[in-house]
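# Fold and geometry: a report
So you can see what is in the structure, the chains are spelled out below.
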Amino acid sequence: MTSPAVSSRDLPHPAREEIRLEGVLHALSDPLRLHIVRELATVGDELSCSHFDLPVTKSTTTHHFRVLRESGVIRQIYRGTAKMNGLRRDDLDGLFPGLLDALLDAAARQAVRLGGA
């Protein structure tokens, strides 16, 4: 039996058991990627790529979303022409209990300390 054809619009994501701690930490080590994750966590729902107003080029924005997706931090899916992004909180909390909340709390504290939001 062959697997169904994969659409060219289907994006590769690691399975839950393939998500590695070092990949997650690497993905969240970048300030822009951490900003994206903080916003997704705050909203608690999917957001389109165009929702994020990042101070970088479109290709750099695409790179940041790809790193987050390939590390297993976010899930991306096309809905019509929009690429929607959602935090893989259940997977991350199941694999690394408390890690995401601790990182988000630390990032919020740092933002306050440095005078940003």
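Structure first, text after, so check above.
Described below are features of the structure shown in this document. (Residues numbered from 1 in each chain as written. Predicted model: local features only at pLDDT ≥ 70, side-chain atom pairs only at ≥ 80, totals over all residues. Heavy atoms only, no water.)

## Examining empty space enclosed by the protein
A full pass over the atoms with the stated rule returns one cavity of 30 Å³ or more. In this model, the largest cavity occupies a volume close to 30 Å³. Every residue lining the largest cavity is listed: Val-24, Leu-28, Leu-92, Phe-96, Leu-99, Leu-100 and Leu-103. For the lining of the largest cavity, the element with the highest residue contribution is helix α5 (residues 99-114), accounting for three residues. The residue makeup of the lining of the largest cavity, split by class, is seven nonpolar, no polar and no charged. (1 Å grid on protein atoms, 1.4 Å probe; cavity = no way out; pocket = protein on both sides within 12 Å on 5 of 7 lines; lining within 4 Å. Points joined across faces, edges and corners; volume = space filled by probe spheres on them. Helix = DSSP H or I, 4+ residues; strand = E, 2+ residues; numbered from the N terminus. Nonpolar A, V, L, I, M, F, W, Y, C, P; charged D, E, K, R; others polar.)

## Brief notes about the packing of helix α1 (residues 21-28) against helix α3 (residues 58-71)
Between α1 and α3, the least distance of the axes is 9 Å, while the angle of their chain directions is 160°. With respect to each other, α1 and α3 are oriented roughly antiparallel. α1 and α3 meet at a crossing whose hand is left-handed. Contacts between α1 and α3 pair Gly-23, Val-24, His-26, Ala-27 and Leu-28 from the former with Val-67, Leu-68 and Ser-71 from the latter. Considered class by class, the residues forming the contact of α1 with α3 number five nonpolar, three polar and no charged. (Axes fitted to C-alpha atoms, helices over the stretch in contact; angles between N-to-C directions. Parallel < 35°, antiparallel > 145°, perpendicular 65-115°, else oblique. Left-handed = near helix turned anticlockwise from the far one by under 90°. Contact = heavy atoms within 4.5 Å.)

## A look at the nonpolar core
Proteins that are soluble and globular tend to have nonpolar side chains buried together. Membership of the largest hydrophobic core comes to 23 residues, with the highest contact counts inside it found for Val-37, Leu-68 and Val-73. Those elements that place two or more of their residues in this core are α1, α2 (31-43), α3 and α5. Sequence-distant contacts of Val-37, that is, excluding residues within four places in its chain, are made with Leu-28, Leu-68, Val-73, Leu-87, Leu-100 and Leu-104. (Core = buried A, V, L, I, M, F, W, Y, C linked by side-chain atoms within 4.5 Å. Buried < 20%, exposed > 50% of the residue type's maximum accessible area, 1.4 Å probe, protein only.)

## As for α5
Helix length check: α5 (16 residues) gives 22 Å between terminal C-alpha atoms against 22 Å at 1.5 Å per residue, within 8%. Of the residues making up α5, those classed as buried are Leu-100, Leu-104, Ala-107 and Ala-111. Buried residues of α5 fall within an arc of 60° about the axis and therefore sit on the same side. Exposed residues lying more than 90 degrees from the buried face of α5 are Arg-109, Val-112 and Arg-113. Among the structural elements, α2, β3 (82-87) and α4 (89-95) are those in contact with the buried residues of α5. Immediately downstream of α5, the backbone of Gly-115 shows phi near 85°, a positive value. (Expected span 1.5 Å × (residues − 1). Arc of directions from axis to C-beta.)

## Regarding the pairing of strand β2 (residues 74-79)
Here six bridges tie β2 to β3, and the two strands are oriented antiparallel to one another. Looking at β3, one finds that Tyr-78 is bridged to Lys-83. Taken together, β2 and the strand that follows it, β3, pair antiparallel across an intervening segment of two residues, in which Gly-80 is found at a positive phi of about 65°. (Pairing = 2+ DSSP bridges.)

## Points about the sheet that holds β3
Whether parallel or antiparallel, the strands of a sheet pair through hydrogen bonds between backbone atoms. Taken together, three strands build an open sheet; the order of strands is β1-β3-β2 and the sheet is antiparallel. Sheet topology places β1 (47-48) and β2 at the edges, where each strand pairs with a single neighbour. Contacts from α3 reach β2 and β3, with the element oriented near 115° to β2.

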